[in-house]
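Each chain is listed here by its residues.
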Amino acid sequence: MANIKAIFKYAMQMELDGHKFFKEKAKEFVNPTSKKMFENLARVEMDHYDFLKEQLDEYTNNNEFKKLDPSIADREKDIFKSREESEYLKETLEQSDIPDMTILRMAYLIERDYAEFYRKAAANVEDIKAKEIFNMLAKWEDGHEELFKKEYDRMMNEYMTLPWGG
């Protein structure tokens, strides 16, 4: 049987690491859209940490998890979509820098790893509520991965179609 407390503690550390990564990398971006995306994700990763801590504290104190509000599962569904649509700037790669694409690629791969971790955690715990929590977190991380991959693909497409010497 998987050690639920250990999984939660590891997940909390992952979220803290993600927060730190996104916060630090946001400072390196030239592209304002990518910069804003990373600043937002740094805050979201801290929200994940707080959520996990709250659930772990409840489990530690009462041997059960807090009841999940059904609306929480969808809270991140459109967290960036509305912002992207309202604030999306049509920068070109000429105004940006190749390192932006490298950082975006790292970000979507990190988020893919986080989602995989949560799916494995869900598969390895017997507690139904823990499974529900981990599956929900996997979906959230899938959404982050999709966001970064979409922006990476957009920038890569721009780069590949730039005239040489552009």
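As the structure is a prediction and not an experimental result, all values here were calculated from the model. (Residues numbered from 1 in each chain as written. Predicted model: local features only at pLDDT ≥ 70, side-chain atom pairs only at ≥ 80, totals over all residues. Heavy atoms only, no water.)

Colleague: So what exactly am I meant to see when it comes to the overall build of the protein here?
Modeller: The helix and strand tally for the protein stands at 5 helices and 0 strands. Starting at the N terminus and ending at the C terminus, the protein contains elements arranged as α-α-α-α-α. Within the protein, the fraction of its 166 residues that count as buried is 42%. In the protein, 82% of the contacts between residues at least 6 apart in sequence involve partners at least 24 apart. (Helix = DSSP H or I, 4+ residues; strand = E, 2+ residues; numbered from the N terminus. Buried < 20%, exposed > 50% of the residue type's maximum accessible area, 1.4 Å probe, protein only. Contact = heavy atoms within 4.5 Å.)

Colleague: Please clarify how helix α1 (residues 4-26) should be interpreted in this entry.
Modeller: Since one α-helical turn is 3.6 residues long, residues separated by three or four positions face the same way. Between the first and last C-alpha of α1 there are 33 Å, a value that for 23 residues agrees with the 33 Å anticipated at 1.5 Å per step. For α1, the side-chain oxygen to backbone nitrogen distance between the N-cap and K5 is 3.1 Å, and the N-cap itself is N3. (Expected span 1.5 Å × (residues − 1). Polar contact = N/O pair within 3.5 Å; in protein donor to acceptor, adjacent residues only side chain to side chain.)

Colleague: Got a minute to help me understand the packing of aromatic side chains in this structure?
Modeller: Geometry of an aromatic ring pair is reported as the spacing of the ring centres plus the angle between the planes. Evaluated as defined, the whole model comprises 14 aromatic pairs. Measuring from ring centre to ring centre gives 5.4 Å for F22 and F148, while their planes differ by 20°; the resulting arrangement is stacked. Here F148 lies in helix α5 (residues 128-161) and F22 lies in helix α1, a separation of 126 residues in the sequence. Its relative accessible area of 0% is what places F148 among the buried residues. Here a set of aromatic residues connected by ring pairs shows up, and it is made of F8, Y10, Y59, F65, F117, Y118 and F134. (Phe/Tyr/Trp six-rings, centres within 6.5 Å; stacked < 30°, edge-to-face > 60°.)

Colleague: I keep staring at the environment of Y114 and nothing clicks. Help me out?
Modeller: Note that Y114 resides in helix α4 (residues 98-124). Residues Y114 and E141 lie 27 residues apart in sequence; the distance between their C-alpha atoms is 6.4 Å. In this view, Y114 contacts M14, D17, G18, E45 and E141; residues no more than four positions away in its chain are not counted.

Colleague: Is there a simple way to explain unusual backbone geometry in this structure?
Modeller: Note on backbone geometry: most residues besides glycine have negative phi, and most peptide bonds are trans. The phi dihedral of N63 falls on the positive side, at around 55°, and the residue is not glycine. The residue N63 is located in the loop between α2 (32-62) and α3 (81-87) in this model.

Colleague: Would you mind showing me how to read the pattern of salt bridges here?
Modeller: Between side chains of opposite charge, pairing is possible as soon as their charged atoms come close. A full pass over the atoms with the stated rule returns 9 salt bridges. Note that R112 and E145 form a salt bridge whose closest N and O atoms lie 3.0 Å from each other. Remark: E145 occurs in helix α5 and R112 occurs in helix α4; sequence separation between them is 33 residues. Residue classification places R112 among the partly exposed residues on the basis of a relative accessible area of 35%. (Salt bridge = Lys/Arg side-chain N within 4 Å of Asp/Glu carboxyl O.)

Colleague: Got a minute to help me understand the confidence of the model for the protein in this structure?
Modeller: A low pLDDT means the predicted coordinates there should not be read in detail. Of all residues in the protein, 81% have pLDDT values of 70 or greater, and the mean over the chain is 82. Below a pLDDT of 50 lies the segment residues 82-95, which in the model reaches 26 contacts outside its immediate sequence neighbourhood of four places, other chains included. (pLDDT = per-residue confidence, 0-100.)

Colleague: I keep staring at the packing of α2 against α5 and nothing clicks. Help me out?
Modeller: Packed helix pairs are characterised by how far apart their axes lie and by the angle those axes make with each other. Interhelical geometry of α2 versus α5 gives an angle of 170° and a closest axis separation of 12 Å. Accordingly, the angle class assigned to the pair α2 and α5 is roughly antiparallel. Contacts between α2 and α5 involve T33, S34, M37, F38, L41, V44, E45, H48, F51, L52 and Q55 from the first element and I133, M136, L137, W140, E141, H144, L147, F148, E151 and M155 from the second. Grouping the amino acids of the contact of α2 with α5 by side-chain chemistry returns 13 nonpolar, 5 polar and 3 charged. (Axes fitted to C-alpha atoms, helices over the stretch in contact; angles between N-to-C directions. Parallel < 35°, antiparallel > 145°, perpendicular 65-115°, else oblique. Nonpolar A, V, L, I, M, F, W, Y, C, P; charged D, E, K, R; others polar.)

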